[in-house]
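Listed below are the residues making up each chain.
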Amino acid sequence: MAREALTDARGFGRCAATLYVIAIALSLVPVAAHAARRHLPYPSLASPLEISGSQYTPIGWADIPGWSEDDQLQAYKAFRISCKPISAQQKPPADPKALGISLRDPCRAAKALDISDGARARAFFEQHFLPLRISRLGEGEGFVTGYYEPVIDGSRTQTDVYTVPVYRRPSNLFVRGFKQSAASLPNKGEVFRKIGRRKLVPYYDRAEIEDGKIAGRGLEICWLKNQTDLLFTQIQGSARVRLEDGSTVRINYDAHNGYPYTAVGRILIDRGIIPKDQMSMQRIREWMDQDPDGANELRRQNRSYVFFREVQLSDKDEAVGAQGVPLTPGRSIAVDKSLHVYGTPFFIEGELPIESEQSKTPFRRLMIAQDTGSAITGPARADLYFGAGVEAGRVSGRLRNNMRFAILVPRSLDPVARGRKMPLPDARPSEKIAKLFPQVDPLKNQKPKDQTQKDQNRGAKPTEASAEPGSKDTFNAREPAKTAAPAAAPPSAAVAQASAPVAVAKPVPLPEARPNPKPIHELRHQRRYRDYLRVR
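About the criteria used
Residues numbered from 1 in each chain as written. Predicted model: local features only at pLDDT ≥ 70, side-chain atom pairs only at ≥ 80, totals over all residues. Heavy atoms only, no water. Buried < 20%, exposed > 50% of the residue type's maximum accessible area, 1.4 Å probe, protein only. Helix = DSSP H or I, 4+ residues; strand = E, 2+ residues; numbered from the N terminus. Arc of directions from axis to C-beta. Contact = heavy atoms within 4.5 Å. Axes fitted to C-alpha atoms, helices over the stretch in contact; angles between N-to-C directions. Parallel < 35°, antiparallel > 145°, perpendicular 65-115°, else oblique. Nonpolar A, V, L, I, M, F, W, Y, C, P; charged D, E, K, R; others polar. Disulfide = S-S within 2.5 Å.

*Asks:* For helix α9 (residues 292-299), give the residues involved together with the corresponding values.
*Replies:* Two residues of an α-helix separated by three or four positions point the same way, owing to the 3.6 residues in each turn. Taken together, the buried positions of α9 are G294, A295, L298 and R299. Down the axis, α9 shows its buried residues gathered within 130 degrees of arc, on one side only. Taken together, the buried residues of α9 touch α5 (206-210), α6 (227-236), α7 (264-270) and α8 (281-290).

*Asks:* Requested: an account of the packing of α8 against α9, with residues and values cited.
*Replies:* Between α8 and α9, the least distance of the axes is 5 Å, while the angle of their chain directions is 125 degrees. By the criterion of interaxial angle, the relationship of α8 to α9 is oblique. Each of W287, M288, D289 and Q290 in α8 lies in contact with α9, whose residues at this interface are P292, G294, A295 and L298. Looking at the contact of α8 with α9 residue by residue, the classes come out as five nonpolar, two polar and one charged.

*Asks:* Can you explain α6? Please cite residues and give values.
*Replies:* For α6, the buried fraction is high: nine of the 10 residues fall into the buried class. Turning to α6, its buried residues number three or more, namely Q227, T228, D229, L230, L231, F232, T233, Q234 and Q236. At the exit of α6 stands G237, carrying a positive phi of roughly 90 degrees.

*Asks:* Explain the state of the cysteines to me, and be specific about the residues and the numbers.
*Replies:* On inspection of all chains with the given rule, the structure shows one disulfide. Here C83 pairs with C107 through a disulfide, and the sulfurs are 2.2 Å apart. An S-S torsion of about -80 degrees defines the bridge between C83 and C107 as left-handed. Here C83, found in helix α2 (residues 73-88), pairs with C107, found in helix α3 (residues 104-111); they are 24 residues apart in sequence, far enough to count as distant. Both residues of the pair, C83 and C107, count as buried.

All quantities given are derived from atomic positions and should not be read as evidence of function.
Okay, structure coming up:
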């Protein structure tokens, strides 16, 4: 009988223990759920476009002045040219940008279409893109300049007339992260001169190269008449060199020496030589021709130097941009490649001095990003390509104008649709919770340890605010003040601030301690002792 009772008691104990564990687990379920809701990361959702340093607003096609009047057929043809390298990409770009690889979808659609009129080209862009008004953060407009391909005279050999060499990329020029055998090197970043196998030093600047630091090494592609021709060729990034026998040598940008570009026009404006409203490439060239010594000094202020490569293009072919495709005059632009993807359409509208320096010719045209430049920085900054020759140089040389930009993004990147899926932040705590648990910075009135040590070394009294009111530390902190020398009277505002009571948050009371029950065997011993006394 006793054994059965003992078995029942043990079974009851196990059952009670199991129920106790289940109760604890059930009580922790809401806490675990709350913790999971608070601390688990948000689900990975596609965020809206993030273009560094920019602001953009979705707009309608009707909100773009001149959109319906423009002939988008030439822009469509330029876009299809850009689609060739875009479709050939097998991996995402190493440097992530807002548009990423989203242009592949419109490129697939363009490849399947054979459009021959402007209305259908306009419908294509409206079907596959969304317009966004874009500008630099805090600004309402963008900025444009122009560039072209110079046509200059030259020679394959050095003569008394042609004395300025056009250099190809030296073999000891090294850019970190790029192989020396790369087809082309970036136009920004650090560039080094490699000495031996490991030593890297900054490359020669313009003055050192002009003085012959790399002369006689067989790097000369051709020779030009003067340094001014070379400077403007380096600014434009390409040129057509007409040789004495009637043939043409086509050269394109290949590398630079690592120094930032300094605009010689800005220096002339700052020195008061050419007024800002009269600045153009023609005025710079005229001043350099009139003052050769001043031109030599001014040119060397721009320490940047560009190296070229010879490209196999005919006289009918246009220059090749940084994307590796031929440019389209009047439809190709150079953009900031750190922000934008080659092949992106931009609609640029405003007024430009195209017909003359004083004219305000309306310019409302869809352009395709196919090139870049070291001076082209920002989300709404473009260099308009006008082709080759003297007239293209005149037009592009006088462009320095504010314009409005609209970037066309593929519909897969609709920022409005993406914004609807963005998770909201956690709710702020209620007013009642904020009062119960005030946020107090415990280090707000505490001096750094080194400052406290300095004060003690100088014999200064500790700060009273560091001790709690009513404690012994407070009394001991004030006691040395009786014997200390009287200090200078502080200003009245400081006295009022010192006499005001310091607000200290009340500590949150801790819960009462749990009772400490006596062990079961002691209770049984006391019970048996009382029974013994009752029997006696």
